Every structure is written in C-alpha cells, then in structure tokens.
Amino acid sequence: MKFCFADRMANMNGTATREIFKLLSRPEIISFAGGLPATEALPVKALGEICNELLSSPAAYKLLQYGTTEGYPPLTDAIIETVKEFGVNAERENVLVISGGQQGIDLMCKSFLNAGDVVLVENPTYLAALQIFNSYQAKAVGVRADENGIDIADLEAKIKLHKPKFVYLVPTFSNPTGKTYSEQHRKEIARVTAKHGLPVLEDDPYARLRFSGEKINALYHYAQDDNVVYLASFSKILSPGLRVGGAVGNAEIIRKMAICKQGTDLHTSSLAQAIAAEYCRKGLLKPAVKASLPLYASRKNAMMLGIERYMPSEFVHTNPDGGLFVWGEFAGRKLDTAKLLNRAVERNVAYIQGSVFYADGSGQNTIRLNYSNVSEEKIDEGMKALGDFFKEEISKAKN
Ligand SMILES: Cc1ncc(COP(=O)(O)O)c(C=O)c1O
C-alpha cells in the first residue's frame, strides 16, 4: 500500500540517530558516540527501596492513577528547590513537569512554531533539537560561535534578518561541544534578547555534572525580561530511563506548554515523578551527584590524555569542566568525518560526525566524542585506535 504521510515527514529520516544507536549495540565497538550517563552512577539500590516504600504505602493507588498535567506537586516543589542552585527562582505556576528535557523542547515548539518559522541556534547544537524543529516544519538558523559561545553581533544581526520565534541554547557543558558560556556572555545574550522581545529556550541538563571550575548561574538568572524558559532534567543526574524533568518560565508560556502536553502524553508517569520527588526529599540527589563527579572527571582526563598521546596534531579540541562531551576539529584538513565513520567502526571505534549538529550541515571536519560511559582503560584503547585511524587518513589525504 502507498501511504500518504504528512508533509512534515518529508525531511525527517532519523538516519543519524538510528546510526548512532546501531553502533552502540555492537559489543566489540568502543563507542565514543553515545551520550549516556555512567552506568555506575545509576542509583539502582536507592531507587529500588524508594519504589518499595512508595508502592507499599496507603497512597500507592494514587501513583498508579492518572495525575494532573502540570505535575505531581511534591516533584514541582523539588524542582523549584533544585533549580535555585543555579539562580533560577520560580513559583509553582512557573513550573511544568515534563517527560525529560526532550519533551520541553518539543512543547516549546508546539506552543510557538508555525510552519516556516525560524529558530536561532548556536552552530553546532543538539542534534535532536534540530530534528524537533524540523518536525514542526520550522527552519533552524545557525549563529556563529567561538570558544566563548555564540557571537553576539551575529545573534543580533540574525534576529533582525530572520525575525525568529525563539533562540535555543545549551549554555552549560553544551551538547555537542562541552563549552560553557561565561557570566558576561550570559548577560549579553539576556540584554540582546530582551531588547528584541525574543524568547530564549535554555536547555540545561548538564550543569550539575561539573567536576572542575566555578559554578555559574543559569542564563535564566540574568534575564532582563521574563523571556527565558529553563529546562531542567533528572536524566543525567538520576536516571534517563525515568523520563522526568521540569520546564520553568513565564506562567503564560508554561500554561500553553501544559495544554500542548495534554495532547502529547496527558502527564509524566506518576510513579516516575514520585520516585524522583522522594529521592530529592530524602536528600539523596546532591550527595549522589557529588559522589559521581570523580568518575566523570577521571574519564574526561583519560580522554584528554588519549588525545594528547594518539590524535594527530591538527586535532583542536575542547577540554570541558563538566558534562559528557569533547568536541574537536581537524584544523586545516578537508576530512569528511561522516564518510570516514564506517571505516573507523571497522577498527572497532566510533565517534559522531560533527556535521549532524550543524543547522546548515557544515562542520565536515569535526567530531563529537563522549567519555561518560566508557572505562578509562577502554578510553585509552579506543583513542589509540581512533588516533591511528585519523593519522593514516590525514597522511593519505596529503599524498
Ligand atoms: C542538550 C540536551 N537536551 C536534551 C536532552 C534530552 O534529555 P532528556 O533525557 O532530559 O529528555 C539531551 C540528551 O542527551 C541533551 O544533550
């Protein structure tokens, strides 16, 4: 039968993401392609106990019933408490519980975007956000960026030129680059976006995974108007499988997002929300995250060492203070990392080609590397394989 799918499916092939997941499932591959938190950091025992307690309490039936779209109030309160740490102040009417940060991006789009609208993004940015913008038939336009973050002059020029609906940013330990915007940079973005009345979607799943450097307030904190919607997520600090996060912002925007969420999933799983709320109420979140940081730090350091030892000298890369990713470019080389990926996989090592993170598909000579869920020993082995591979490719390209 010939199916007649919606126009919006025309540009949605999901190829890059499917490819990534395929790579992750082959056991012999050392994969730097993923984005998973460390398996060792998942609090299996504590969550098992909490589940038992919740389901043996007299109120258990409530957790197996439908709940409200806005969220389970104890979790709303826990989100309000946890985001304060990054200078994000909110009342209950400013918070919507969401099924992970991913849903926050989707609901923002569902609330704001018509077909043909423009969303500004940093170039490069989170791949799955680009896919969501695409699914709403919107156009993502990349703003130039350097090691400090997006170029403010280019941001302002593109606001004037494209009249975007909002700008989407990952200002702390960005996926894919690992970069963090400075305080001054956040203030500048807050100034320019307020001046032009432009909403900002601040996606912040990684801020708590800081293993070096000084804590920095969220961009939301510096907003000069109530134009920033802040997305928090429990995925990287508790469990991605629970699918729990929070959107914080202007009450009118949050109400619109809640209306959109009704049509998407009615509400986030009541049981998952109660588990996350109880984990926070017992005071387990902060110490568990703190205890996991040395593991992330030593894996990042192992990757830095591997880059130094094995990668070609042309490889210019970030050295993040937190999060899950290192980003690199083969400076001055015309390598096409997308085309080379299959051959790297034949050597049992995987990365992600950087071009998939660019709104305009550029960045052919860039890659994203993930260190969070690979042991130090495997990082060394994988970086050696990757370094040997790229050295050979560069010398072939020279001849
Ligand atoms: C920048 C960014 N936003 C959102 C997500 C989705 O996370 P969640 O599990 O909270 O939906 C990810 C996951 O990798 C991410 O890197």
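None of the values given here were measured: they were computed from a predicted structure.

Caption draft 1: View of the pairing of strand 2 (residues 95-98). The side-chain alternation of strand 2 yields two buried faces, one formed by V95 and V97 and the other by L96 and I98. Looking at chain direction, strand 2 and strand 10 (residues 245-248) are connected through four bridges and run antiparallel. Directly across from L96, in strand 10, lies its bridge partner A247.

Caption draft 2: Representation of the sheet that holds strand 9 (residues 228-233). Overall, mixed pairing links the seven strands, which are arranged 2-10-9-8-7-3-4 in an open sheet. Among the strands making up the open sheet, the edge pair consists of strand 2 and strand 4 (139-143). Here the strands of the sheet are splayed against their neighbours by 20 degrees on average, with no regard to which way each runs. As defined by bridge partners, strand 7 (residues 166-169) adjoins strand 8 (residues 200-203) across three bridges and the pair is classed as parallel. Directly across from Y168, in strand 8, lies its bridge partner L201. Sheet strands touched by helix 7 (residues 152-162): strand 3 (118-122), strand 4 and strand 7. Its angle to strand 4, the strand with the most contacts, is close to 150 degrees.

Caption draft 3: Local environment of the pairing of strand 9. With six of six residues buried, strand 9 lies mostly within the body of the structure. Here strand 9 shows a buried face lined by V228, Y230 and A232 and a second buried face lined by V229, L231 and S233. Bridge count between strand 8 and strand 9: four bridges; the pairing is parallel. From the neighbouring strand, D203 faces strand 9, where its bridge partner is L231. Here four bridges tie strand 9 to strand 10, and the two strands are oriented antiparallel to one another. Its bridge partner lying in strand 10, L231 is registered against A247.

Caption draft 4: Summary view of the site of the ligand. Inspection of the region around the ligand gives 14 residues, with G101, D203, Y206, S233 and S235 positioned closest. Between an oxygen atom of the ligand and a main-chain N or O atom of Q102, the distance comes to 2.9 Å. One nitrogen or oxygen atom from the side chain of S233 is found 2.5 Å from an oxygen atom belonging to the ligand. Relative to its unbound accessible area of 400 Å², the ligand is 92% covered by the protein chains. Here the shell around the ligand is composed, by residue class, of five nonpolar, six polar and three charged.

Caption draft 5: Region of the structure containing the side chain of Q273. Inspection of the secondary structure puts Q273 in helix 10 (residues 270-281). Leaving out residues up to four positions away in the same chain, Q273 has contacts with G71, Y72, L75, V97, V244, H267 and T268.

Caption draft 6: Focus on the packing of aromatic side chains. This model, assessed by the stated rule, comprises 12 aromatic pairs. A centroid spacing of 6.0 Å and a plane angle of 45 degrees characterise the contact between F3 and F5, whose relative ring orientation is tilted. Each of the two residues, F3 as well as F5, counts as exposed. Judged by centre distance (5.9 Å) and plane angle (90 degrees), the rings of Y206 and F325 are edge-to-face. In this pair, Y206 is assigned in the loop between strand 8 and strand 9 and F325 in strand 12 (residues 325-330), connecting sequence segments 119 residues apart. Judged by relative accessible area, F325 falls into the buried class, the value being 1%.

Caption draft 7: Fine view of the domain arrangement of the protein. According to the domain assignment, the protein contains domain 1 (13-42 + 287-398) and domain 2 (44-282). On the side of domain 2, 33 residues touch domain 1, which itself brings 30 residues to the contact. On the surface where domain 1 and domain 2 come into contact, there are zero salt bridges. Remark: the boundary between domain 1 and domain 2 carries eight residue pairs in polar contact (both at pLDDT 80 or more). Those elements that place two or more of their residues in the side of domain 1 that touches domain 2 are helix 1 (15-24), helix 11 (285-310) and strand 12. Broken down by element, the residue count for the side of domain 1 that touches domain 2 peaks at seven residues, all from helix 11. Its residues placed into classes, the side of domain 1 that touches domain 2 shows 19 nonpolar, seven polar and four charged.

So, how was this worked out
- All chains use their own residue numbering, which begins from 1 and follows the written sequence.
- A pLDDT threshold of at least 70 governs which residues receive local features in this predicted model, and a stricter bar of 80 or more applies before side-chain atom pairs are shown or counted, although totals over entire chains, interfaces and linings include all residues.
- The basis for the side-chain values is all heavy atoms of the structure; hydrogens and waters are excluded.
- When a residue's accessible area, from a 1.4 Å probe over protein chains only, is under 20% of the maximum for its type it is buried; when over 50% it is exposed; and in between it is partly exposed.
- Only DSSP runs of H or I covering at least 4 residues are called helices, and only runs of E covering at least 2 are called strands; the numbering of each starts at the N terminus.
- What makes two strands pair is DSSP finding at least two bridges between them.
- A fitted line through C-alpha atoms represents every axis, and for helices the fit uses only the stretch in contact; the resulting angles, taken between N-to-C directions, go from 0 to 180 degrees.
- Contacts were defined at the residue level, with two residues in contact if any of their heavy atoms lie within 4.5 Å.
- Proximity is defined per residue: if any heavy atom of the residue lies within 4 Å of a molecule or strand, that residue is considered near it.
- Counted as a polar contact is a pair of N or O atoms within 3.5 Å, where, for protein atoms, one must be capable of donating a hydrogen and the other of accepting one, and residues adjacent in sequence contribute only when both atoms are in side chains.
- Calculation of accessible area relied on Shrake-Rupley with a 1.4 Å probe; when residues are assessed, cover is drawn exclusively from the protein chains displayed.
- In this classification, Asp, Glu, Lys and Arg are treated as charged, Ala, Val, Leu, Ile, Met, Phe, Trp, Tyr, Cys and Pro as nonpolar, and every other residue, Gly included, as polar.
- Note on aromatic contacts: the rings of Phe and Tyr and the six-membered ring of Trp form a pair at centre separations within 6.5 Å, being stacked when their planes are under 30 degrees apart, edge-to-face when over 60 apart, and tilted otherwise.
- Boundaries of every domain are those given by an automatic assignment or by a domain database.
- Just to be clear on terms, a salt bridge is a Lys or Arg side-chain nitrogen sitting within 4 Å of an Asp or Glu carboxyl oxygen.

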